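Commentary on secondary and tertiary structure
Spelled out from the first residue to the last, the chains are:
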Amino acid sequence: MAGKRPHAGKGAPGHRARSLSRRLALQALYQIQMNPRSWQDTQQEFAADPEADRVDLDYFRSLIAAIAPNREALDSRLALLCEIPPHELDPIEHAVLWLGLHELESCPELPYRVALAEAVQLTKQFGATDGHKFVNAVLDRAAQELRPHEYGIG
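Predicted model, so just to flag it, every value in this text is computed and none were measured. (Residues numbered from 1 in each chain as written. Predicted model: local features only at pLDDT ≥ 70, side-chain atom pairs only at ≥ 80, totals over all residues. Heavy atoms only, no water.)

Points about helix H3 (residues 57-67)
Structural remark: α-helix, 3.6 residues per turn; residues separated by three or four positions point the same way. Buried within H3 we find Tyr59, Phe60, Leu63, Ile64 and Ile67. Buried residues in H3, looked at end-on, bunch into an arc of 130°, giving them a common side. Against the buried residues of H3 lie helix H1 (15-34), helix H2 (39-47), helix H4 (71-81) and helix H5 (91-106). (Buried < 20%, exposed > 50% of the residue type's maximum accessible area, 1.4 Å probe, protein only. Helix = DSSP H or I, 4+ residues; strand = E, 2+ residues; numbered from the N terminus. Arc of directions from axis to C-beta. Contact = heavy atoms within 4.5 Å.)

Right, dumping it as structure tokens:
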């Protein structure tokens, strides 16, 4: 069956494109913490970057639009899940926790193990030396609360 291949061309949302979307979202969320300006401007700046050609831009935009205006609510949830107050967190770990918590809360089609693995990978790549252990522990607690059936509780 020549010519009958699954669509995998430019802009196709796949695992790699989603991972790159999270990476770009992490960078944008970090920037939002460091440079107080509108999240919409930051989102637009990152979406226009040449690097953005390889990401699932719709997913990137949905992440920023869901997380950036709701950082206080996410921080309230984080305050219950971790021993470090959110305002004292390392900015990279803080942004990764926002991403992971958002995906656990709002993306039920994404297995919790994938959300945790992606968050840990981002933290290993960009965070402090052992930051990934902290991020994993916090998001593991969140997964137990938010997805008890998927986690194997109850």
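What about the nonpolar core?
With 44 residues, the main nonpolar core has Leu29, Phe60, Ile64, Leu97, Leu99, Leu104 and Leu139 as its most contacted residues. For this core, the elements supplying multiple residues, two or more each, are H1, H2, H3, H4, H5, helix H6 (112-126) and helix H7 (131-146). With eight residues, the top contributor of residues to this core is H5. (Core = buried A, V, L, I, M, F, W, Y, C linked by side-chain atoms within 4.5 Å.)

Details of the side chain of Thr42
Relative to the assigned elements, Thr42 resides in helix H2. Note on Thr42: relative accessible area 0%, which makes it buried. Beyond its immediate sequence surroundings of up to four residues, Thr42 is in contact with Ala28, Gln31, Ile32 and Arg37.

A short note on the pattern of salt bridges
Tallied over the full model, the rule gives nine salt bridges. Across the pair Glu105 and Arg77 runs a salt bridge, and its minimum N-O distance is 3.1 Å. A residue pair is termed long-range when its members are at least 10 positions apart, and Glu105 in helix H5 and Arg77 in helix H4 qualify at 28 residues. With relative accessibility at 35%, the residue Glu105 sits in the partly exposed group. Take Arg77: its relative accessible area is 25%, and that puts it in the partly exposed class. For Asp130, the salt bridge is made with Lys133, and the minimal N-O distance between the two is 3.6 Å. Using a relative accessible area of 52% as the deciding quantity, one classes Lys133 as exposed. Overlapping salt bridges, with partners in common, bring together Arg22, Glu103 and Glu118 in one network. (Salt bridge = Lys/Arg side-chain N within 4 Å of Asp/Glu carboxyl O.)

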